[in-house]
Amino acid sequence: MTDVTIRRALLSVSDKAGLADLGRALAARGVELVSTGGTAKSLRDAGLAVKDISELTGFPEMMDGRVKTLHPKVHGGLLAVRDNPEHAAAMESHAIGAIDLVVVNLYPFEATVMKGADRDEIIENIDIGGPSMVRSAAKNHRYVTIVTDPADYAGLLAQLEAKDGATSYDFRRLMAARAYAATAAYDAMISQWFAFADQQQLFPETLAVMGTRSHELRYGENPHQRAVLYLPKGPHGRGIAQARQLQGKELSYNNLADADAALELAAEFRGQDPAVVIVKHANPCGVAQGASLLEAWQGALACDDVSAFGGIVAVNTVLDGPTAEAICEIFTEVVVAPDADEAAIAAFARKKNLRLLLTGDLPDPRRGGLMVKQITGGLLVQSRDNGAIAPADLKVVTHRAPSEQELKDCLFAWTVARHVKSNAIVYAKDGITAGIGAGQMNRRDSSRIAAMKAAEAAEKFGWAQPRTVGSAVASDAFFPFADGLLAAAEAGASVVIQPGGSIRDDEVIKAADEAGLAMVFTGMRHFRH
């Protein structure tokens, strides 16, 4: 494919960044500038000669500009196959001039939605002529150069400099690919707004999933896998993907996945007493609240200091110097916090590989949204698990009712359990996890593993007894048999919180009564696969 010299350019942009400089550079090369509305005014204000689109088409801009570029003299100039004799004859017969360069970016639909505009204004910011020109130019990239992003102006000008006023086929093909991605994302944003905001549909017939590449990661789950971080287009909240990294080496796929898991659990304690979450392989291995962040760190670490090695730490409040100094005593991959004071930043600065991520806020744990998981041949899509329970939702099913403190421990353990991979068992006492059993194929083994970790901690730290004694135990789903509950009783738990709903509930309740346990049902489970 040959180079194509740029002789006429059509410019119509909502984002005026870099427009004047681009126009000057094109004009300096003798390129004829054709433009519309506000773009034409901006170019004229920069002292450039511009032909209005109405001069090109012979029709005035009408209907508030809705049809200004929807004309054969525009699209004929974009779509003509120039070495096709019939196309060339049609251009000559109808006085259609070729358009070699199109610079278009679209009406600010996303920004209009984000600012909370009313429905009429949102609809008016659905671009019609812009995407049509972009698609026409991109389809005919053999002859036409399309640029949709001001970030590509420099590349365009570099092409013109290197090619003596022309562009290469490879450049035009690259710009065409980016152009179709831009219109696809634009249409996806519009379809999502219609489905989720305007129509209030949870699962539309067609789900448009889109994102913009942020950067390539060090590697995927394993070093032989490649991975990239994409950022969502359209309205969205802030989270790990938007966090500011203050220091440390580049994040990997696993770092981001684990940091997200830690942040999600830390967010459960938003606005509460200081809380620390330690995560390893997407599972919490220690969670605690305390009068201070340092106290919470010490409690979380003591739950399972072996698993905490090389883990991810998230906190629910501003990270302070003493806590940062304590965290630095063990190898930690990533620390996530809403913010950090100067002493904390200075402490971490001595650990050059440790990543410090500041989120600025904590996400709302009760927010809505969809979760997407790819399977062979399809996508599994579900609403976020944002269900929550309050003390009034609990149903006491045993002879003995829990005490006020036991109830408080139940709710803490339940909060942690919903973030643990199934089958999940969490022992907790006084706002500190005593033992966590995660990801086992049966609930009894999860109970035993959690109790074993608690026993190891007691032996290591010289406690008189494991913290499971007198603790609350939470199960993310019902006990299908009494064996898991009996394992918790053997570990010394005094109260159980679980969803209930098993055909053997009566058997499990009877076992709890016989063991002297109090037990409450939530009526809600939290499987996490």
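See the structure printed just above.
The numbers attached to residues start from 1 for each chain and follow its sequence in the written order. Selection of residues for local features in this predicted model requires a pLDDT of at least 70, selection of side-chain atom pairs for listing and counting requires 80 or more, and totals for whole chains, interfaces and linings are taken over all residues. The basis for the side-chain values is all heavy atoms of the structure; hydrogens and waters are excluded.

### Some remarks on the state of the cysteines
In this description, a disulfide is simply a cysteine sulfur pair whose atoms lie within 2.5 Å. By the definition in use, this model includes zero disulfides. The thiol of C285 is not disulfide-bonded; the next cysteine sulfur, from C303, is found 7.3 Å away. Under the scheme applied here, a residue whose accessible area is under 20% of the maximum for its type counts as buried, over 50% as exposed, and between as partly exposed, the area being computed with a 1.4 Å probe on protein chains only. Given the relative accessible area of 7%, C285 is considered buried. Overall, the relative accessible area of 4% leaves C303 in the buried class.

### Let's talk about the side chain of T39
Here T39 shows up in helix α2 (residues 37-45). Overall, the relative accessible area of 2% leaves T39 in the buried class. Within polar-contact distance, the side chain of T39 engages the backbone nitrogen of V13 at 2.9 Å. Here, two residues are considered to be in contact whenever any of their heavy atoms come within 4.5 Å of each other. Contacts of T39, omitting those with residues within four sequence positions, involve L11, S12, V13, K16 and L19. Here a helix means four or more residues in a row that DSSP labels H or I, a strand means two or more in a row labelled E, and each is numbered from the N terminus. Polar contacts, as used here, are pairs of N or O atoms within 3.5 Å; protein pairs need one atom able to donate a hydrogen and one able to accept it. Residues neighboring in sequence count only if both atoms are side-chain atoms.

### Regarding a nonpolar patch on the surface
Patch definition: residues above 30% relative accessible area lacking any salt bridge, with like charges linked at up to 9 Å and the nonpolar side chains Val, Leu, Ile, Met, Phe, Trp and Tyr linked at up to 5 Å. Here the open area of atoms and residues is found with the Shrake-Rupley method and a 1.4 Å probe, where only the protein chains shown may cover a residue. Definition used for salt bridges: Asp or Glu carboxyl oxygen within 4 Å of a side-chain nitrogen of Lys or Arg. On the surface, L207, V209, V372 and L379 cluster together to form a nonpolar patch covering roughly 340 Å² of accessible area. Tracing the backbone through its elements, the reader meets L379 in strand β17 (residues 378-383).

### Some remarks on the packing of helix α8 (residues 129-139) against helix α10 (residues 169-198)
Here the axes come from fitting lines to C-alpha atoms, over the contacting stretch only for helices, and the angles between their N-to-C directions go from 0 to 180 degrees. Between α8 and α10, the shortest axis-to-axis distance is 9 Å and the interhelical angle comes to 150 degrees. Accordingly, the angle class assigned to the pair α8 and α10 is roughly antiparallel. Considering the relative orientation of α8 and α10, their crossing is left-handed. Packed against α8, whose contacting residues are P131, V134, R135, A138 and K139, the element α10 presents A176, A179, Y180, T183 and Y186 at the interface. If an angle is under 35 degrees, it is roughly parallel; if it is over 145, roughly antiparallel; if it lies from 65 to 115, roughly perpendicular; otherwise it is oblique. Two helices cross in a left-handed way if the nearer one is turned anticlockwise from the farther one by less than a right angle. They cross in a right-handed way if the turn is clockwise.

### Considering the side chain of Q242
Its place among the elements puts Q242 in the loop between β9 (228-232) and β10 (244-247). Overall, the relative accessible area of 19% leaves Q242 in the buried class. At 2.9 Å, the side chain of Q242 forms a polar contact with the backbone nitrogen of G239.

### Regarding the layout of surface pockets
Using only the protein atoms, space was sampled on a 1 Å grid; points where a 1.4 Å probe fits but cannot get out form cavities, open sets with protein on both sides within 12 Å along at least five of seven lines form pockets, and lining residues are those with an atom within 4 Å of a point. Grid points are joined across faces, edges and corners, and a volume is the space filled by probe spheres set on the points. Each pocket or cavity is described by its volume, and for the second largest pocket that value is around 930 Å³. Taken together, 28 residues form the lining of the second largest pocket, with D149, A182, A185, T212 and K233 sitting closest to its centre. Every element with two or more residues in the lining of the second largest pocket is listed here: β5 (101-105), α6 (109-114), α10 and β8 (211-216). Sort the elements by how many residues they give to the lining of the second largest pocket and α10 lands first, with eight residues.

### Comments concerning the sheet that holds β5
If you trace the five strands from one edge of the open sheet to the other, you get β4-β3-β2-β5-β6, paired in parallel fashion. Two strands bound the open sheet, and with one partner strand each, they are β4 (51-52) and β6 (145-147). Bridging between strand β2 (residues 8-13) and β5 involves five bridges; their strand directions are parallel. Following the sheet pairing, L11 is matched in β5 by V103. Across the sheet, helix α1 (residues 19-28) touches β2, β3 (32-35) and β5, and the angle it forms with β2 is around 175 degrees. Should DSSP find at least two bridges between two strands, the strands are regarded as paired.

Remember that the coordinates give geometry; whether it matters functionally is a separate question.
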